[in-house]
Amino acid sequence: MAQVVGDNVHRLRNAAGISLADLAAAGGISKTTLHGIEQGAGNPTLGTLWALATALKVSLGELIEPPAPVVEVVRADDERPAVTGDAVGARLLHRIRLRGTVEVYAIEVAANGQESQPHLPGVEECLVLTGGRITAGPADAPVDLSEGDSLRFEASRPHVYRGHDERNRAVLLMLHPDPPGA
């Protein structure tokens, strides 16, 4: 838990562009204590965590929850939370927290494949395969997907798309965070 908190505080402080000294002052703790927390060596009290969350303008959960995996695959037959209404059934594939812009694309993936260059830091891609079979994801760890499978990954590193059937179709969400200070 201490390492998760430390990593999260460090990541969020850097993302906000706040110095160690400024965050320590805003949280009412010493720089040494904050440094220890960020190194995973501290055992902060709930009051300290609330003060840091407030100073970072995030929820307490942002400090104590482990980060989402870099690549998240959901298979068509995986058990996932679902609800049913009178005419619509919904199955949760991914939860994506974002302040920014979401672009939604209908894509087709050819067999010759494509390697995409890294996008800006913080950009994620979420793909739901609606037909065919493809290999997609980070270039160093691509995943084979079949109809109904979905994939979410950080797109700030090289990634690939290669189709395996005659027609390979998917819905692609490009998740662009707001730039810092926006």
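Whatever comes next refers back to the structure up there.
Let us look at the side chain of Thr48. Relative to the elements of secondary structure, Thr48 occurs in helix α4 (residues 46–56). The exposure class of Thr48 is buried, given its relative accessible area of 17%. In terms of polar contacts, Thr48 uses its side chain to reach the side chain of Thr45, at 3.1 Å. Not counting the four nearest positions on each side in its chain, Thr48 is found in contact with Ile29 and Ile37.

Each regular strand displays side chains that alternate between the two surfaces of the sheet. With 5 of 6 residues buried, strand β7 (residues 133–138) lies mostly within the body of the structure. Sheet topology note: the β7/strand β8 (residues 143–146) ladder contains 4 bridges and is antiparallel. Paired with Thr135 across the two strands is Asp144, which belongs to β8. Counted along the chain from β7 to the antiparallel partner β8, the turn is 4 residues long. Relative to strand β10 (residues 159–163), β7 is paired through 5 bridges, and the arrangement is antiparallel. Residue pairing in the sheet places Pro138 in a bridge with His159 of β10.

Okay, the packing of helix α1 (residues 2–16) against helix α3 (residues 31–38) next. Contact geometry of α1 with α3 gives a least axis separation of 7 Å together with a crossing angle of 115 degrees. Relative to α3, the element α1 lies roughly perpendicular. Counted together, Ala2, Val5, Gly6, Asp7, Val9, His10 and Arg13 of α1 and Leu34, Ile37 and Glu38 of α3 form the full contact between these two elements.

What follows covers α1. Since the α-helix turns once every 3.6 residues, residues separated by three or four places project in the same direction. Taking 1.5 Å of rise per residue, the 15 residues of α1 would be expected to cover 21 Å, and the 21 Å separating its terminal C-alpha atoms lies within 8% of that figure. Restricting attention to buried positions, one finds in α1 the residues Val5, Gly6, Asn8, Val9, Leu12 and Arg13. Viewed end-on, α1 has its buried residues packed into an arc of 165 degrees, placing them on one side of the element. The first or second residue beyond α1 is Gly17, which carries a positive phi of 70 degrees.

Moving on, we come to the packing of helix α2 (residues 20–27) against α4. Closest axis-to-axis distance for the α2/α4 pair is 8 Å, and the angle between their directions is 120 degrees. Put simply, α2 runs oblique to α4. Relative to α4, α2 is oriented so that their crossing is right-handed. Contacts between α2 and α4 involve Leu23, Ala26 and Gly27 from the former and Ala51, Leu52, Ala55 and Leu56 from the latter. When its residues are assigned to classes, the contact of α2 with α4 shows 6 nonpolar, 1 polar and no charged.

In this section: the sheet that holds β10. The strand order across the open sheet built from 4 strands is β5-β10-β7-β8, with neighbouring strands paired in antiparallel fashion. Strands with a single pairing partner mark the edges of an open sheet, and in this sheet they are β5 (114–116) and β8. In this sheet, neighbouring strand axes are inclined to one another by 20 degrees on average, regardless of whether the strands run parallel or antiparallel.

As a further point, take the sheet that holds strand β1 (residues 71–74). Taken together, 5 strands build an open sheet; the order of strands is β1-β9-β6-β11-β4 and the sheet is antiparallel. Of all the strands in the sheet, just β1 and β4 (100–108) have a single pairing partner and so form its edges. For this sheet the average axis-to-axis angle between neighbouring strands, irrespective of direction, equals 15 degrees. Here strand β6 (residues 124–131) runs beside strand β11 (residues 169–177); their pairing, made up of 7 bridges, is antiparallel. Residue pairing in the sheet places Val128 in a bridge with Val171 of β11.

Each value, and the rule that gives it
Residues numbered from 1 in each chain as written. Predicted model: local features only at pLDDT ≥ 70, side-chain atom pairs only at ≥ 80, totals over all residues. Heavy atoms only, no water. Helix = DSSP H or I, 4+ residues; strand = E, 2+ residues; numbered from the N terminus. Buried < 20%, exposed > 50% of the residue type's maximum accessible area, 1.4 Å probe, protein only. Polar contact = N/O pair within 3.5 Å; in protein donor to acceptor, adjacent residues only side chain to side chain. Contact = heavy atoms within 4.5 Å. Pairing = 2+ DSSP bridges. Axes fitted to C-alpha atoms, helices over the stretch in contact; angles between N-to-C directions. Parallel < 35°, antiparallel > 145°, perpendicular 65-115°, else oblique. Expected span 1.5 Å × (residues − 1). Arc of directions from axis to C-beta. Left-handed = near helix turned anticlockwise from the far one by under 90°. Nonpolar A, V, L, I, M, F, W, Y, C, P; charged D, E, K, R; others polar.

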